[in-house]
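# An overview of the molecular structure
Here is what each chain is made of, one letter per residue.
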Amino acid sequence: MNTIHFLDLATTHDSIRQELDAAYQRVMHSSRFILGEEVAAFEREFSAYCGVGQCIGVGNGLDAIHLVLRALGIGPGDEVLVPSNTYIATWLAVSQAGATPVPVEPLASTHNIDPQAIERAITPRTRAIIPVHLYGQPADMAPICEIARRRGLKVVEDAAQAHGALYDGQRAGSLGDAAAFSFYPGKNLGALGDGGAVVTRDEALAKRVRTLANYGSKVKYVHDVSGYNSRLDELQAAFLRVKLPYLDEWNAHRRVLVDRYFARLRDEAIGLPVVIGKASPVWHLFVVRVQERARVMRYLQESGVGVQIHYPIPPMRSGAYQEQCRTMQPCAIADALSDDVLSLPIGPHLSVAQVDSVCELLLEAVRSTG
Ligand SMILES: *Cc1c(COP(=O)(O)O)cnc(C)c1O
C-alpha cells in the first residue's frame, strides 16, 4: 500500500538541505544566538514580503497575538471578538492578556468569521476583533474593517495559517492594525522549531511589542515595563530566511492541488469550501465536510491516506473554557462544523496523482454506506 502522508516535512526539507545546512553553520560559527543579524534581516525580509513597514520576531504565534493585545493596552474588563471555530490559541491569547474572548460565529460556507455576526456581538466593553484567516483563506476584511472603524475597535489579524494569502491584492498581515504569524513547523512558512512574528504599519505599536517581547527592555538591563521573554532565535530566523524565497512557489503548488480537489470532488455528499471573490487563499489546510465522518476517516486511513480534523472541539467546548462557556452565547455553527469537517492531505510534498488517489478513495467512502 502506498501511503499518502497528510504532511511530509522531510521531503520539503530534503529539497533545500544544503541551504539549511549552510544556515546552521553560519549561525553556529557566529556564536550569536539571540537578537542578532539573522533576526534583523528576517524581520526586514518578512515585513517587505507582507507589504508593511514593521516586523518583530517573537517566540511563537500565540505570543504574537498576546503581545499585540498587550501593546494595544487591552486587558481585564475588555472584550475581544474571536471566531467560535478557530484554533484555541486565538482565544488563549485574549485570556492571557486578561481580557474576555467573545465568540462570533463563522459563515458555514467559508468557515471564516461572519461580519454581520460581529456587529451583533459588540458591547460597550468590546475593544478589538481578531479575524482568523482560517485554513489559509483571508477573512472578509473590507466589512470587518468598516465595522471596526465605525465602532472604534482595533483589528488584529490572526494570520498563522495564511502566509502569502491575498485579499483584494493585499497580503494577509497588511489588512488590519497589526497581524500575528506563527512559524510552527507545519505552517506554510515553518521554522525547524517554534517561532512567530508580529507585523504592522504602526511604528509606535511595533516599538511597544518589541519592548514587551524582550523583558520590557529597550536598553540592556533597563526594564521600563513588566515584559516577557518571547524572541525569535537566530537559528530559526536563518532557516526562515532560506525558506521565505520558496513560499510563493510552495503556495502556488498548493493552489494547483486544490484546483484538482475541486475538479474531482463535485459530489453532493461532499461539502467543499467556498472562496470569496476578493480572496486568494494559500490553502494551509484543505477542509471538506462529510456525513458519517468517523466511517469515512477510517476508510481513508485504512487505505493509507493521512487525514485529520481541524478542529474536533470548538474552544468554548474545551476544558479550558468550561467555566466561561456557561455565560456564552451558544455557537451552533461551530458545533456543526466540528462534527463533520475533514482535512485532506495537502502540501508541497504532494503530487496531483496523489490528490487523484485521495479523491477516488474519498468518493468511494462517501458512496458506500454502512
Ligand atoms: C498555529 C496557530 C496559532 C498559534 O501558533 P503557535 O506558533 O503554535 O503558537 C494561532 N492561531 C492559529 C489560527 C494557528 O493555526
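Residues numbered from 1 in each chain as written. Predicted model: local features only at pLDDT ≥ 70, side-chain atom pairs only at ≥ 80, totals over all residues. Heavy atoms only, no water.

### Some remarks on the pattern of salt bridges
Applying the stated criterion across every chain yields a total of 18 salt bridges. The residue D224 makes a salt bridge to K218 at a minimum N-O spacing of 3.8 Å. Residue D224 is classed as partly exposed on the basis of its relative accessible area of 47%. Among the salt bridges present, the one from R367 reaches D267, with a minimum N-O distance of 2.8 Å. Of this pair, R367 sits in helix α14 (residues 352–367) while D267 sits in the loop between α10 (247–264) and β12 (270–271), placing them 100 residues apart in sequence. We classify R367 as exposed; its relative accessible area is 56%. Under the relative-accessibility criterion, D267 is labelled buried at 18%. (Salt bridge = Lys/Arg side-chain N within 4 Å of Asp/Glu carboxyl O. Buried < 20%, exposed > 50% of the residue type's maximum accessible area, 1.4 Å probe, protein only. Helix = DSSP H or I, 4+ residues; strand = E, 2+ residues; numbered from the N terminus.)

### What about the site of the ligand?
Around the ligand there are 13 residues in total, and G61, D158, Q161, S182 and K187 lie nearest to it. Between the ligand and Q161, the relevant distance is 2.8 Å, taken from an oxygen atom to a side-chain nitrogen or oxygen of the residue. Between the ligand and K187 there is a distance of 2.8 Å, counted from an oxygen atom to a side-chain nitrogen or oxygen. Out of a free accessible area of 380 Å², the ligand has 90% covered by protein chains. (Near = heavy atom within 4 Å. Polar contact = N/O pair within 3.5 Å; in protein donor to acceptor, adjacent residues only side chain to side chain. Areas by Shrake-Rupley, 256 points an atom, 1.4 Å probe, with all protein chains shown as cover.)

### Notes on the domain arrangement of the protein
Taken as a whole, the protein is organised into domain 1 (9–104 + 111–244) and domain 2 (247–367). Centre-to-centre separation of domain 1 and domain 2, based on C-alpha positions: 24 Å. On the side of domain 2, 33 residues touch domain 1, which itself brings 37 residues to the contact. Summed over the three residues of domain 1 that lose the most area to domain 2, namely Y135, Q137 and N188, the buried surface amounts to 24% of that side. Between domain 1 and domain 2 we count one salt bridge in total. Among the salt bridges present, the one from D248 reaches R171, with a minimum N-O distance of 3.9 Å. Taken together, the elements giving at least two residues each to the side of domain 1 that touches domain 2 come down to α1 (9–14), α5 (88–96), β3 (100–104) and β6 (166–167). (Domains from an automatic or database assignment. Contact = heavy atoms within 4.5 Å. Buried area = accessible area lost by both parts, 1.4 Å probe.)

### Things to note about empty space enclosed by the protein
Taken as a whole, this structure holds three cavities of 30 Å³ or more when the rule is applied. In this structure, the largest cavity encloses a volume near 110 Å³. Its residues assigned to classes, the lining of the largest cavity shows six nonpolar, four polar and four charged. Residue contributions to the lining of the largest cavity reach at least three from each of two domains, namely domain 1 (9–104 + 111–244) and domain 2 (247–367). Estimated volume of the second largest cavity: approximately 70 Å³. Together, N85, Y135, H310, Y311, I313, P314, A334, L337, S338 and V341 line the second largest cavity. (1 Å grid on protein atoms, 1.4 Å probe; cavity = no way out; pocket = protein on both sides within 12 Å on 5 of 7 lines; lining within 4 Å. Points joined across faces, edges and corners; volume = space filled by probe spheres on them. Nonpolar A, V, L, I, M, F, W, Y, C, P; charged D, E, K, R; others polar.)

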